[in-house]
Amino acid sequence: MANKKSGRIAVPFLLTIFFGLLIVGGGAFGIYNYFGFNKDAPLEEPTPRAAAIVTEEDNHTMLLILDEPEQKCSSTFVLMRSKPKEKRLLFIGIPTNTICIVDGQQEHIKNSYDRGGPQAAVNFVNQCFGIEVDRYMKFDSESFRKVCDILGGVTYFVEPDIAGFKKEGGEEYLNSRQIETLVTYPMFSGREVQRAYTASSILSSMINQTDGKRIADNFKTSFDAIINMVTTDVTSVDYKNRQYAIRSMFENGTSIANFLVMDGETSNDDFIPSESFLNDVKTAYFED
């Protein structure tokens, strides 16, 4: 009797354990499936790298001013238009005797600058060209030579009989001091118009002859060195907003720089810019 009783107890007990395992195991399996533990973990997509894009918003205009009273020469004015997306830089030399109607009165850019400094010269250019200059940068002798050294000098055609150069004239390599001498030379036969041409063309040549990748790779170091030597309204925010576009232009562009000679006529001591020239330049380079 005792044995039969034990068998009757054991069978239900085993069944209970069996079904219990099914229930617990099935529940665990369901939970396992629900949370996807039985699936191979999907490969994660790599985090996309934020890539900067060069657009028309990176275009900017700057008035470059070289002020060296010790050279006994008028200040030098060059308008620079930068279009990084198109990988183009334009330099326009502005003769110091250029006249324009500013605030209802006839002005020379030199007189405007002498009375009101860089911002007054910017205002003159704005009204003369019908554009908006974004920033200015004023160089003295030391900071100008520093820029020339960073770019690496230039091979340039020099007219005969200018002191400090080959007497017979012709192309020769110019270091920073020679570039400074040529840009501030006061005795060109074409006077201030020729000096403005020389300043813009020599800047263009320096840009095109430099190693663009080297400039791009060392852009921040060069910028930091120059910005502490000049008078300017360029800010650290301007640098952050434009650095990628400018570096890209130097690294990926070829012969990016060009220059224009201002067209106009000289009357007595005044240079009167051509209205058609100003309109054409504005349309071609300053309207995005």
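As a starting point, this report considers the structure included with it.

1. Brief notes about the environment of Asn-218
Step number 1: Position of Asn-218 among the secondary structure elements: in the loop between α6 (212–217) and α7 (219–227).
Step number 2: Along the sequence, Asn-218 and Arg-247 sit 29 residues apart, while their C-alpha atoms lie 9.2 Å from each other.

2. Quick word on helix α8 (residues 236–252)
Step number 1: For α8, with 17 residues, the first-to-last C-alpha span of 24 Å sits near the 24 Å given by 1.5 Å per residue.
Step number 2: Bending of α8 peaks at approximately 50° at the position of Arg-242.
Step number 3: Burial in α8 covers these residues: Asp-238, Tyr-239, Ala-245, Ile-246, Ser-248, Met-249 and Phe-250.

3. Some points on the pairing of strand β12 (residues 270–273)
Step number 1: With four bridges joining them, strand β11 (residues 264–267) and β12 adopt antiparallel strand pairing. In the sheet register, Gly-264 faces β12, and the bridge partner there is Pro-273.
Step number 2: Taken together, β11 and the strand that follows it, β12, pair antiparallel across an intervening segment of two residues, in which Asn-268 is found at a positive phi of about 55°.

4. Regarding the pattern of salt bridges
A side chain with one charge can pair with a side chain of the opposite charge if their charged atoms come near.
Step number 1: One pass over the full model with this rule turns up eleven salt bridges.
Step number 2: Put simply, Asp-217 and Lys-213 hold a salt bridge, and the shortest N to O gap is 2.8 Å. Taken together, the residues Asp-217 and Lys-213, both in helix α6 and four residues apart, mark about one turn of the helix.
Step number 3: Accessibility expressed as a relative area gives 45% for Lys-213, which makes it partly exposed.
Step number 4: One salt bridge in this structure joins Lys-220 and Asp-224, with 2.9 Å as the shortest N-O distance. You can see Lys-220 and its partner Asp-224 sitting in helix α7, four residues apart, about one turn around the helix.
Step number 5: A relative accessible area of 48% places Lys-220 in the partly exposed class.
Step number 6: Looking at Asp-224, the relative accessible area reads 31%, which means it is partly exposed.

5. Some remarks on the sheet that holds strand β1 (residues 60–66)
Step number 1: With mixed pairing, the six strands of this open sheet are ordered in space as β9-β6-β1-β2-β3-β10. Each edge of the open sheet carries a strand with a single partner, namely β9 (231–232) and β10 (257–261).
Step number 2: Across five bridges, strand β3 (residues 88–94) lies against β10 in parallel orientation. Considered in β10, the bridge of Phe-91 is made with Phe-259.
Step number 3: Relative to the sheet, α8 contacts β1, β2 (76–83), β3 and β6 (135–139), its axis offset from that of β3 by approximately 105°.

6. Looking at the packing of α7 against α8
Step number 1: Close contact between α7 and α8 brings their axes to 11 Å; oriented N to C, the two are set at 130°. Judged by the inter-axis angle, α7 sits oblique to α8. Regarding α7 and α8, the two cross each other, and that crossing is right-handed. Here Phe-219, Lys-220 and Phe-223 of α7 come into contact with α8, specifically with Tyr-239, Gln-243, Ile-246 and Arg-247.
Step number 2: Of the residues that constitute the contact of α7 with α8, the class distribution is four nonpolar, one polar and two charged.

7. Quick word on the state of the cysteines
Step number 1: Considering all chains together, one arrives at zero disulfides under this definition.
Step number 2: Left unpaired, Cys-128 is separated from the closest cysteine sulfur, that of Cys-100, by 4.2 Å.

8. Looking at the environment of Arg-191
Step number 1: Inspection of the secondary structure assignment puts Arg-191 in helix α5 (residues 191–209).
Step number 2: The class of Arg-191 is exposed, set by a relative accessible area of 53%.
Step number 3: Along the backbone, Arg-191 and Asn-97 are 94 residues apart, and their C-alpha atoms lie at a distance of 9.9 Å.

Conventions used here
Residues numbered from 1 in each chain as written. Predicted model: local features only at pLDDT ≥ 70, side-chain atom pairs only at ≥ 80, totals over all residues. Heavy atoms only, no water. Helix = DSSP H or I, 4+ residues; strand = E, 2+ residues; numbered from the N terminus. Expected span 1.5 Å × (residues − 1). Bend = angle between axes of the 7 residues up to and from the residue. Buried < 20%, exposed > 50% of the residue type's maximum accessible area, 1.4 Å probe, protein only. Pairing = 2+ DSSP bridges. Salt bridge = Lys/Arg side-chain N within 4 Å of Asp/Glu carboxyl O. Contact = heavy atoms within 4.5 Å. Axes fitted to C-alpha atoms, helices over the stretch in contact; angles between N-to-C directions. Parallel < 35°, antiparallel > 145°, perpendicular 65-115°, else oblique. Left-handed = near helix turned anticlockwise from the far one by under 90°. Nonpolar A, V, L, I, M, F, W, Y, C, P; charged D, E, K, R; others polar. Disulfide = S-S within 2.5 Å.

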